[in-house]
Structures are given as structure tokens and as C-alpha cells.
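Residues per chain are reported as follows:
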Amino acid sequence: MIETRRHQGFGPTGVSSPGKVAFMCGIVGYVGPRDARSVILAGLKRMEYRGYDSAGIALVADGHIDIRKKSGKLANLVAELESNPIPASHQGIGHTRWATHGGPTDDNAHPHLGAAGRVALVHNGIIENFATLKAELSAQGVVFTSQTDTEVAAHLLGRAIESGLGLVEAMRSVVARLEGAFTLVAIDSQTPDTVVAARRNSPLVVGVGQGENFLASDVASFIEYTQEAIELGQDQIVEIKPDSIEVTGFDGSPATTRPYHIDWDLSAAEKGGYDWFMRKEIFEQPKAVADTLLGRINTDGELVLDEMNIEVSELRTIDKIIVVACGTAYHAGLIAKYAIEHWTRIPVEVDIASEFRYRDPVIHRSTLVVTISQSGETADTLQAIRHAREQHAKVISICNTNGATIPRESDAVIYTHAGPEIGVASTKGFTTQLIACYLLGLYLAQVRGNKFGDEIRSLVEELEAIPEKMDQVLDDLETVLTLAGNSLSEPSILFLGRHVGYPVALEGALKLKEISYLHAEGFAAGELKHGPIALVDKGLPIFVVVPPQGRDQIHDKVVSNIQEVRARGARTIVLAERGDEEAMAFADVFLPLPVVPTLFQPLLAILPLQVYACEVATLKGYDVDQPRNLAKSVTVE
Ligand code: M6R
């Protein structure tokens, strides 16, 4: 059944000061011979995961700016452009928004205009001093048409242009006035073939084409046209023209940039016949895991980690590790603790990034902070890195996004090679983060001499066998899909696990909550009797992750936990090793897993839970890739 779904259509990154809660937006800019409208709309389509409550476009044609913007999803803007066509152009900007200041209305949608419509500007981030600037501009007679912070920047830009500055100089004067996090991209009707942008604590990449150039929040936006990109640094302004890209610092000094090649193509950023990006990304996990493991053993049989720019001598003196992350990445961190402590005997703490610096963590030069972030732009995690480095700790980041802010601000990075993750619910992000955590644990064990080389190689071989086992799980989903169909009216669903199964339970519950809006909780199975068991009532579905049979004590204890909840009327859905008769005996529904070492079981056990959540949300008719109230990453605290 799943085969049918796989092939018949069921089937890609800023920070401000504390206190603001916001998400992120998607930004596109283009200049070149193509039809700018088409390029920008296609780019926004692939940026929609970053925000989807309103969208807009502004183009320059015949010395005039035309603008269209609509609240709601991008489809509303497309419909607007059909009924109210915009003149053809080769220079423009677009925006897909996730509201922060001002609700998701047509008026609040970007772009915003300045200088009586001469300039248009889009923005990602938060301008923290916007109220002061707005009061100042209002007192000078400027009339605002939106409730956004962005419009302040548009008017400042307009006034700078009207004072006779060129677009780049005008942008420089604007950023000098702003506090907060921002990517700004702007066009001027009187500056042909030019788009100018500025970035501080918010992502922006340049797509380098032949006779054309692109700007975007994420390379996925322009991957259809070029796989060459330039990563903009902090506090830089870029001016793109069809044949030139000029980057300068906010102070006007020449800037250093880092060009790079994107090693995936358009097909990775499209659904490829699946109904949802999430479903596609679930099925991409065997390959993503294999890709993340690729090239990690050298010709001497040693584990090597590229971009591990921390001296071995320093790694040998580490006496504590703190893993810091958010959401799904935090769950990966919880699993990392079990593996790293087991292999290296270094104590590992795991922190939710938003809590980390506020607990005044004990950090020394001998503390290694490991951050995990798929996007590499999560503000809470980035602030944790800054705090850790201020305390002289070394920071290694595990990240899926080449050149994102988090790896740039870390001492070392382990890239996961999952390709773009577009569905808001993280799937291949999670499993590849686990691989990177395992590799880090084994690397530390290697350099510190906790394990012999052959032991490490044998564990890496076990990891290399995982993709095939993932395929086995993903080829046998009939039961999960049926289960999902029967779960639509459940008021609540619980997930239990022990040891590394506990974070899997947390992650299974998170997946279900975020896309199906069902109440779901994950618990440590042994903790149940200390309170949560009172929730168990007749018919309550409970997923239980059972450790492999080799782990005698834990295995048997989890089997006892299954009996406890079953005795109170729960309906048990048991994930356990294939052939685990003891677990099977107490399962209302049994989901067999291939045999793997205990520490690696999460790589397999999470798969049915991801599929289950995806299917429940699909059957409930929800937008799986763009769940309500959520965006792909949270780029301010
Ligand atoms: O990009 P990051 O890995 O830093 O994102 C962290 C969380 O926001 C993210 O994992 C979130 O919890 C996912 N939507 C969960 O599916």
C-alpha cells in the first residue's frame, strides 16, 4: 500500500535581544533576463515553509514599481496576480510572511513602499526600535499604512533616496538606524537592474548565475537556476546586478565572502510525487543517513570528521559536555547523552536552548558545548553558543545547513547531509542528527583512547547497516497506516519508552502534536507510576518503545510497564524487536523492528511514529507541511 503512496502522490535560515517571540519569513530578490515574476513566485513557493500567512511581490518596469500583496497562503497572491496582472519585469523582490508586528492582513504583507512608491522593501526579523523610529517619522509627517515594524525601514530608505543617496548608500544609512535582527531587500524604480540587501542576525544568501543573480533566505529558492552561492557575513550589504555582485560592510569597507557549491539540486527541493514534503522526507531517511555516514573512515581505518577544527589535545582535556538544542534536535541530544557517556565516560548534560543561559550553567575552558540544529538559524541555540563562547567553552555544532549562522559561530561543525528539509515537522533532520551525535561520541572515544579502533569500526559498520534496516521498516507500514485510520477520534495518545526509547517517545508525541493537533504526551516508562498512570483509562492508545532483548533488565521492566497500562484498560501499540515474544504477548498492535544495538534503536523506532503522525494529520485533512502556528525554524528568541 505504501508503495502506491510513495509513487502516486501521497506522498529547504538571525537573532534579536531577549523577550521577543517570532518566527521567520522568506525573502527572494532577482535581477536578470528571465521573467522576474515567475522567478520570484517559484522562489517564494520554495520559501513558503518559512512563513505562510501572507505574501507579496514588487517589480520594477519602465521606471515604475508595481506591487501586489495578499494575506493568506501564496496561492492567494497567485490568484491576485491572475486577476490583476503585473507588468513584465526583470528586477524584483518577493516575500512570504510569518506575522510578528501587525496581523496577517493585506496591508501588513510585504513589500512596503517608501518615497511615495519609488522604493519597495521586504524584511525578515524584528526591528526592535521601530516604535521610536515610527514616532520620529510620524512627527515629520510620514503616514503609515501598516502596523509593521518593516514599514519604518521602507520610509527611512525612501527618505534617504529622496535626499539624493544611491540605493546602496541609502541602505547603509537605514541599517545605521536599526536595532534588532533584519534581512532587508530593496528595489528603487530609478535604479535599473539592481537589487540591494543588508543582513544582521538574519539569513541571506546570494545565488550566482550567468548574466543573472539572486538573493534569498535559503538556497532552495534559486536552486532551479544555479548551484553556486555566496554566503553573506554579518553586517554586510550586497548589491546585485545581472553581471556583478558587490559586497561591503555596514561601514562601507570591502567585505570578505565565502562562495560555495550546493551539492543538491532542484529535485531535492520538490515533492517528487509525494503528497507532502514530510512524507517524502520520511522516505529519504535511508539515503540521508547513508550520506551522513559517507567518507567518515579514512584509509588507516580511523574515524575522521571534516571541519573538526578543535585540536585533539583540547578534546582530550574535555571534562564535561553540554548538548544544547530545541524541539526535535533536543530529543536527538537526549539520545546523544546515552551514547556519548557510554562510549567516552565524559559526563553529558542536555539543555533546552531557551533555558540554557538562564540557569547560569557551569562552563569552563574544559567544557565542550555541542549544539544541534537542522536549520542552523535557531535563535535560542545561537544565543546559547554565544553565551558558551563568552565563557571560553569550545562549541561544536551539528547542522544540516551549509554556511548557516550557527556553524559560522561555532569552533567546529559536523554537517549532516540530509538535503533540504522543508516539512515543518523534522524527520530526516532527526535521524541524521542522531548519526552525527553517534559519530561525535565515537570520535571522542577514539581520540581519548576509550575504545580500540576495531570496536569503533565495528560500531560504524553497524551504523552503515542502518539504511537497509530503515528500508525494511518503511516497506512494512500497512499496520501503522491502518492504526492511523482508526485514531482520528482519539482525544489523547501516550508514548512510553525507557533508556534511548524515552526520547523516542518524546519525539513520537511531538510529531503527533505538531501536525495532527492531537493531545499527545511522551513519558519515561518507569515514571508512569509516579503520576501519569492516572491518565490511563479504558481504550487509551499507548505506544510503547521496547528496548532490544539483550538489555535484559530494561527490556523486562518495559514489558512490565506494558502490562501495568494494559491492566488499566489501555490499548497497547508495541514497537519491539522482530520475534520479541514477551513484548508481543501484551501488544494489541505489534510493530516489529529489525535487530540493532540498543543505542541505535531510535533510528528505526522513530520511523513508524513519523509515518503514523503524517498519516493521522493527512486523514484529518490538515496541512502536514505547514501546521498552524508553526514555521520551520524560530529565528528570534
Ligand atoms: O532548525 P532546528 O533544528 O534548530 O529547529 C529546532 C526545532 O525548532 C525543531 O526541531 C522543531 O521542534 C521541529 N518542528 C519539530 O518537528
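Quantities reported herein were computed from a predicted structural model and do not represent experimental measurements.

### With respect to the overall build of the chain
And step 1. Along the backbone of the chain there are 21 helices and 24 strands.
And step 2. Computed over the C-alpha atoms, the radius of gyration of the chain is 25 Å, within 12% of the 26 Å expected from 2.2 N^0.38 for a compact globule of 637 residues.
And step 3. Here the C-alpha coordinates of the chain stretch approximately 80 × 55 × 45 Å along the principal axes.
And step 4. Residue burial in the chain is summarised as follows: out of 637 residues, 62% are buried.
And step 5. When the accessible area of the chain is evaluated, it comes to approximately 22,500 Å², of which 49% is carbon and sulfur surface.
And step 6. Positive and negative charge centroids in the chain, built from 57 and 82 side chains respectively, lie 4 Å apart.

### Overview of the domain arrangement of the chain
And step 1. Assigned domains of the chain: these are domain 1 (26-269), domain 2 (277-464) and domain 3 (476-619).
And step 2. The gap between the C-alpha centroids of domain 1 and domain 3 is 46 Å.

### Observations concerning the site of the ligand
And step 1. Residues in close proximity to the ligand total 15 residues, the closest being Ser 373, Gln 374, Ser 375, Thr 378 and Glu 514.
And step 2. Contact between the ligand and Gln 374: an oxygen atom at 2.7 Å from a main-chain N or O atom of the residue.
And step 3. Contact between the ligand and Ser 375: an oxygen atom at 2.6 Å from a side-chain N or O atom of the residue.
And step 4. When each cavity is represented as a set of grid points, the ligand is found to reside in the second largest pocket.
And step 5. Elements with a contribution of two residues or more to the shell around the ligand: helix 10 (327-344) and helix 18 (501-516).
And step 6. Per-class residue counts for the shell around the ligand are five nonpolar, eight polar and two charged.
And step 7. Mapped onto the domain boundaries, the shell around the ligand takes at least three residues apiece from domain 2 (277-464) and domain 3 (476-619).

### Side note on empty space enclosed by the protein
And step 1. Volume-wise, the second largest cavity comes out at about 30 Å³.
And step 2. Counting residues per element, the ones that place at least two in the lining of the second largest cavity are helix 11 (353-356) and helix 12 (379-390).
And step 3. Looking at side-chain class alone, the lining of the second largest cavity contains four nonpolar, two polar and three charged residues.

### Things to note about the pattern of salt bridges
And step 1. Taken as a whole and judged by the stated rule, the model has 30 salt bridges.
And step 2. Measuring nitrogen to oxygen at the nearest pair gives 3.4 Å for the salt bridge that ties Glu 169 to Arg 172. Separated by three residues within a single helix, Glu 169 and Arg 172 lie in helix 6 (residues 167-175), roughly one turn from each other.
And step 3. Residues joined in a network through salt bridges with shared partners are Lys 320, Glu 349, Asp 351 and Arg 359.

### Focus on the pairing of strand 1 (residues 26-31)
A regular strand places its side chains so that they alternate between the two faces of the sheet.
And step 1. For strand 1, the buried fraction is high: six of the six residues fall into the buried class.
And step 2. Both faces of strand 1 are covered, namely the face carrying Gly 26, Val 28 and Tyr 30 and the face carrying Ile 27, Gly 29 and Val 31.
And step 3. Looking at chain direction, strand 1 and strand 4 (residues 91-97) are connected through six bridges and run antiparallel. Directly across from Val 28, in strand 4, lies its bridge partner Gly 94.
And step 4. With four bridges joining them, strand 1 and strand 10 (residues 213-216) adopt antiparallel strand pairing. When the sheet's bridge partners are listed, Val 28 is paired in strand 10 with Ala 216.

Parameters and conventions
- Residues numbered from 1 in each chain as written.
- Predicted model: local features only at pLDDT ≥ 70, side-chain atom pairs only at ≥ 80, totals over all residues.
- Heavy atoms only, no water.
- Helix = DSSP H or I, 4+ residues; strand = E, 2+ residues; numbered from the N terminus.
- Rg over C-alpha atoms; globule rule 2.2 N^0.38 Å.
- Buried < 20%, exposed > 50% of the residue type's maximum accessible area, 1.4 Å probe, protein only.
- Areas by Shrake-Rupley, 256 points an atom, 1.4 Å probe, with all protein chains shown as cover.
- Lys, Arg positive; Asp, Glu negative; His and termini not counted.
- Charge placed at Lys NZ, Arg CZ, Asp CG, Glu CD.
- Domains from an automatic or database assignment.
- Near = heavy atom within 4 Å.
- Polar contact = N/O pair within 3.5 Å; in protein donor to acceptor, adjacent residues only side chain to side chain.
- 1 Å grid on protein atoms, 1.4 Å probe; cavity = no way out; pocket = protein on both sides within 12 Å on 5 of 7 lines; lining within 4 Å.
- Sits in = over half its atoms within 2 Å of the grid points.
- Nonpolar A, V, L, I, M, F, W, Y, C, P; charged D, E, K, R; others polar.
- Points joined across faces, edges and corners; volume = space filled by probe spheres on them.
- Salt bridge = Lys/Arg side-chain N within 4 Å of Asp/Glu carboxyl O.
- Pairing = 2+ DSSP bridges.

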